[in-house]
Amino acid sequence: MGKKKLVVLTGAGISAESGFETFRDAGGLWEKYSVEDVCTPAGFRRDPDFVNGFYNGLRRQLLSAVPNAGHTTLAAMERDFDIDVITQNVDDLHERAGSSRVLHLHGELMKVCSSRDKDDPRYIRTLPASAPEVCPGELCADGSPLRPWIVFFGESVPQLDAAAERVRQADAFAVIGSSLNVYPAAGLVRYVPEGAPAFLIDPKEVDVPAFLPVRVIRDVASTGVPRLWEALKEIC
Ligand code: APR
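Definitions and cut-offs
- Residues numbered from 1 in each chain as written.
- Predicted model: local features only at pLDDT ≥ 70, side-chain atom pairs only at ≥ 80, totals over all residues.
- Heavy atoms only, no water.
- Helix = DSSP H or I, 4+ residues; strand = E, 2+ residues; numbered from the N terminus.
- Rg over C-alpha atoms; globule rule 2.2 N^0.38 Å.
- Buried < 20%, exposed > 50% of the residue type's maximum accessible area, 1.4 Å probe, protein only.
- Contact = heavy atoms within 4.5 Å.
- Lys, Arg positive; Asp, Glu negative; His and termini not counted.
- Charge placed at Lys NZ, Arg CZ, Asp CG, Glu CD.
- Near = heavy atom within 4 Å.
- Polar contact = N/O pair within 3.5 Å; in protein donor to acceptor, adjacent residues only side chain to side chain.
- Phe/Tyr/Trp six-rings, centres within 6.5 Å; stacked < 30°, edge-to-face > 60°.
- Lys NZ or Arg CZ within 6 Å of the ring centre and 35° of its normal.

Student: So, the overall build of the chain: which residues are in play, and what are the values?
Tutor: What the chain contains, in helices and strands, is eight helices and nine strands. Taken against the 2.2 N^0.38 rule, which gives 18 Å for 236 residues, the C-alpha radius of gyration of the chain at 18 Å falls within 12% of a compact globule. Expressed along its principal axes, the backbone C-alpha trace of the chain runs to roughly 55 × 35 × 35 Å. When burial is assessed residue by residue, the chain has 50% of its 236 residues classed as buried. A separation of at least 24 residues holds for 65% of the contacts in the chain among residues at least 6 apart in sequence. With 26 positive and 33 negative side-chain charges, the chain shows a separation of 2 Å between the mean positions of the two kinds.

Quick look at the structure:
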């Protein structure tokens, strides 16, 4: 009998204890920066250097951040479960913690791309840790201003169908550290198979669609994910 399939949808909250601000908590990123300015195609067109400066700052944070017990416990759970991580986060902390199957819905912080066509694979490349910043005026090889390979608001989420397919196969599902405010990512919960146990780990109240009965672990990720592991061992 193969391992049961656990699919988790993670958000900024799982990286909070690694020193990353979340977006919508008090004092979060969207209180300091306007989404319009740093996370929309219009904002990039208006001032590409300002947008690249914002992501350069997040990359500097990433280079000094380390995975926390939420990430590392989730990776360790692969001993007992076949785990698909679907993350809204653009950091690489799941990978650095050892999770073997991570799908990034909103792009990846260390990658840059063409601003003519963000999904043209010829121009998506990873910045080396030794040079993690985009310089003012820097151009992509196709001559367009270089931009972060981040899904801006209003842009397509290329990995959405692949993510939905993984959720459909879940024997168990968990949301970890997401306010479920942003679609289409939050809409993935509708693909959880009927009867599959679903959990939500968050220190705060999160509105979950009524059709998904979740068992809430009211906790931070670093102590909540170990509790998820215990709960899953009871029922799987
Ligand atoms: N452990 C677990 N959860 C936490 C922790 C923690 N230590 N600290 C905060 N949280 C929870 C918050 O209570 C909140 O419910 O994490 C959630 C973070 O929600 P958001 O800040 O809205 O982040 P997220 O849901 O990932 O945002 C989704 O919005 O701006 C876009 O593209 C961006 O991927 C992002 C998307």
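Student: Could you give me a rundown of the site of the ligand, with the residues and numbers involved?
Tutor: Taken together, 23 residues sit near the ligand, with Ala12, Arg24, Ser178, Ser179 and Asp202 positioned nearest. Side-chain polar atom of glutamate 17 to a nitrogen atom of the ligand: 3.2 Å apart, as the coordinates give it.

Student: Describe helix H5 (residues 69-76), with residues and values.
Tutor: Turning to H5, its buried residues number three or more, namely Gly70, His71, Thr73, Leu74 and Ala75. Buried residues in H5 make contact with strand S1 (4-10), strand S2 (81-87), helix H6 (93-97), strand S7 (172-176) and helix H8 (221-235). Capping the start of H5 is the job of one residue whose side-chain oxygen sits 2.6 Å from the backbone nitrogen of glycine 70: asparagine 68.

Student: Which residues make up the side chain of asparagine 56, and what are the values?
Tutor: With respect to the secondary-structure elements, asparagine 56 resides in helix H4 (residues 48-64). Given the relative accessible area of 6%, asparagine 56 is considered buried. Excluding its chain neighbours within four sequence positions, the residues that come into contact with asparagine 56 are Pro132, Glu133 and Val134.

Student: Report on the packing of aromatic side chains, specifying residues and quantitative values.
Tutor: Tallied over the entire structure, the rule returns seven aromatic pairs. Between the aromatic rings of phenylalanine 23 and tryptophan 30, the centroid separation amounts to 5.0 Å while the plane-to-plane angle is 35°, which identifies the pairing as tilted. Here phenylalanine 44 and phenylalanine 152 contribute two aromatic rings whose centre-to-centre distance is 6.4 Å and whose plane-to-plane angle is 35°, an arrangement assigned as tilted. Separated by 108 residues along the polypeptide, phenylalanine 44 in helix H3 (residues 41-46) and phenylalanine 152 in the loop between strand S6 (147-150) and helix H7 (160-168) bring together distant segments of the chain. Through successive ring pairs, a cluster of aromatic residues spans Phe23, Trp30, Tyr33, Phe44, Phe50, Phe54, Tyr55 and Phe152. Here the basic side chain of lysine 233 rests over the ring of tryptophan 229, its NZ or CZ set 4.9 Å away from the ring centre.

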